[in-house]
Amino acid sequence: MRIDVVTIFPEFFDVLDISLLGKARQSGLLDVSAHNLREYTHDRHRTVDDTPYGGGAGMVMKPEPWGEAIDELLGDATPERADASAPLVIFPSPAGEVFTQKMARELAHREHLIFGCGRYEGIDQRVFDHVATRAEVRLVSIGDYVLNGGEVAVMAMIEAIGRLIPGVVGNPESLVEESHEDGLLEYPSYTKPAEWRGLEVPPILLSGNHKAIDAWRREQQLERTRRVRPDLLRAETPEKAETAEA
Ligand SMILES: Nc1c(O)cccc1[N+](=O)[O-]
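Summary of the structure given here. Bear in mind the structure is a predicted one, so any value in this text is a computation, not a measurement.

## Quick word on the site of the ligand
- Neighbouring the ligand are Pro92, Ser93, Pro94, Val140, Ser141, Ile142, Gly143, Tyr145, Val146, Leu147, Gly149 and Ala153.
- In this structure, an oxygen atom belonging to the ligand sits 3.2 Å away from a side-chain N or O atom of Ser141.
- Ile142 has a polar backbone atom sitting 3.0 Å from an oxygen atom of the ligand.
- Considering the ligand on its own, with 290 Å² of exposed area, one finds that the protein chains cover 93% of that surface.
- Sorting the residues of the shell around the ligand by element identifies β5 (88-98) and β7 (136-141) as the ones contributing at least two each.

So this is what it looks like as structure tokens:
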């Protein structure tokens, strides 16, 4: 998978050279490049923003640099080539659709993702409108809170997507029993020692009865999801909600 990120802070993504994603980059499973939006300006001050039409506080990111940057990254992409190889352009935005594990799984199958990190009060709307004439565009939110820009959101999405690419995580089994993989929160985990500061590991986990352990873990998932995220039970399937309330 090729990932391009357009940002005024390209150094922000240097951290992707370490850990799992760093190994994935070295092995060629993942190619991540950060591009400085200011490289697509032509004035002495490398200006990327200006005052908003209609007034209001803050500044809006100018369309011209974005247009040139994304033109370069799209290459000869056309809307007619709507297959997995077609680039998908994602702008993190509080006004976007919510990023979920389901979306991460879907995007892990794409060959080319382009992320555009907005700053200030956002990007001129015409950028989204124009790019959508050339490629699929999505505005995606990682949560209902205010960030100073899209870089943190893109980092989260790259990690969530990148780790699902076959070969990135050593043991694919470890991807299965995780929060949100089956629509539920994960069960609590324990390791040695069996007793720590007066707290003991649940005896069922020491029993060796794997059928009983699986049942206990499933109940723990349902109890934790009912308590912490009842919305997940309602959102998925009525059957699951019914099981959870049983
Ligand atoms: N929430 C937010 C923001 O305030 C700014 C950029 C991106 C996001 N987001 O992806 O959630």
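## Structural notes on the environment of Glu219
- By the secondary structure assignment, Glu219 is in helix α6 (residues 210-228).
- Note: C-alpha distance between Glu219 and Thr100 (119 residues apart in sequence) is 23 Å.

## Quick word on the side chain of Asn36
- By the secondary structure assignment, Asn36 is in strand β2 (residues 31-36).
- The exposure class of Asn36 is buried, given its relative accessible area of 18%.
- Looking at Asn36, its side chain comes within polar contact range of the main-chain nitrogen of Arg38, at 2.9 Å.
- Contacts of Asn36, omitting those with residues within four sequence positions, involve Thr7, Ile8 and Pro10.

## Things to note about the nonpolar core
- Core analysis: the largest hydrophobic core is formed by 30 residues, its most contacted members being Ile3, Phe99, Leu113, Phe115, Ile158 and Ile161.
- Mapped by element, the contributors of at least two residues to this core are β1 (2-7), α1 (19-26), β5, α3 (101-107), β6 (112-116) and α5 (151-162).
- With seven residues, the single largest contributor to this core is α5.
- Once residues within four sequence positions are removed from consideration, Ile3 is found in contact with Leu30, Asp31, Val32, Ser33, Leu113, Phe115 and Ile158.

## A look at the packing of aromatic side chains
- With the rule as written, the count across this model stands at three aromatic pairs.
- Taking 5.5 Å as the distance between ring centres and 55 degrees as the angle between the ring planes, the aromatic pair formed by Phe12 and Phe13 counts as tilted.
- Aromatic side chains Phe91 and Phe128 sit 4.7 Å apart centroid to centroid with 65 degrees between the ring planes, which places their arrangement in the edge-to-face category. Here Phe91, found in strand β5, pairs with Phe128, found in helix α4 (residues 125-131); they are 37 residues apart in sequence, far enough to count as distant.
- Of the residues examined, Phe91 reaches a relative accessible area of 1% and is grouped as buried.
- A relative accessible area of 12% means that Phe128 is categorised as buried.
- The rings of Trp66, Phe91 and Phe128 are connected pair by pair, giving a single aromatic cluster.

## Side note on the pairing of β6
- Among the five residues that make up β6, five are buried, leaving the element largely enclosed by the rest of the structure.
- Where burial is concerned, the two faces of β6 agree: the one with His112, Ile114 and Gly116 and the one with Leu113 and Phe115 are both buried.
- Bridge count for β1 against β6 is five bridges, and the pairing is parallel. The residue of β6 that forms the bridge with Ile3 is Leu113.
- The pairing of β5 with β6 spans three bridges and is classified as parallel. Note on β6: the bridge partner recorded for Val89 is Ile114.

## Examining α5
- End to end, α5 covers 16 Å across 12 residues, agreeing with the expected 16 Å (1.5 Å per residue, within 8%).
- Counted residue by residue, α5 has nine buried out of 12 residues, so it is predominantly covered.
- Buried residues of α5: Glu151, Ala153, Val154, Met155, Met157, Ile158, Ala160, Ile161 and Gly162, and no others.

## Focus on unusual backbone geometry
- In this chain, Lys192 is followed by Pro193 through a cis amide linkage whose omega measures 5 degrees.
- On the secondary structure map, Pro193 appears in the loop between α5 and β8 (195-196).
- We note that Arg46 has phi near 50 degrees; this positive angle belongs to a residue other than glycine.
- Mapped onto the elements of the fold, Arg46 is located in the loop between β2 and β3 (49-50).
- Judged by its relative accessible area of 32%, Arg46 falls in the partly exposed class.
- The residue Tyr120 is not glycine, and still its phi comes out positive at about 55 degrees.
- With respect to the helices and strands, the residue Tyr120 is situated in the loop between β6 and α4.
- Using a relative accessible area of 35% as the deciding quantity, one classes Tyr120 as partly exposed.

Definitions and limits used
- Residues numbered from 1 in each chain as written.
- Predicted model: local features only at pLDDT ≥ 70, side-chain atom pairs only at ≥ 80, totals over all residues.
- Heavy atoms only, no water.
- Near = heavy atom within 4 Å.
- Polar contact = N/O pair within 3.5 Å; in protein donor to acceptor, adjacent residues only side chain to side chain.
- Areas by Shrake-Rupley, 256 points an atom, 1.4 Å probe, with all protein chains shown as cover.
- Helix = DSSP H or I, 4+ residues; strand = E, 2+ residues; numbered from the N terminus.
- Buried < 20%, exposed > 50% of the residue type's maximum accessible area, 1.4 Å probe, protein only.
- Contact = heavy atoms within 4.5 Å.
- Core = buried A, V, L, I, M, F, W, Y, C linked by side-chain atoms within 4.5 Å.
- Phe/Tyr/Trp six-rings, centres within 6.5 Å; stacked < 30°, edge-to-face > 60°.
- Pairing = 2+ DSSP bridges.
- Expected span 1.5 Å × (residues − 1).

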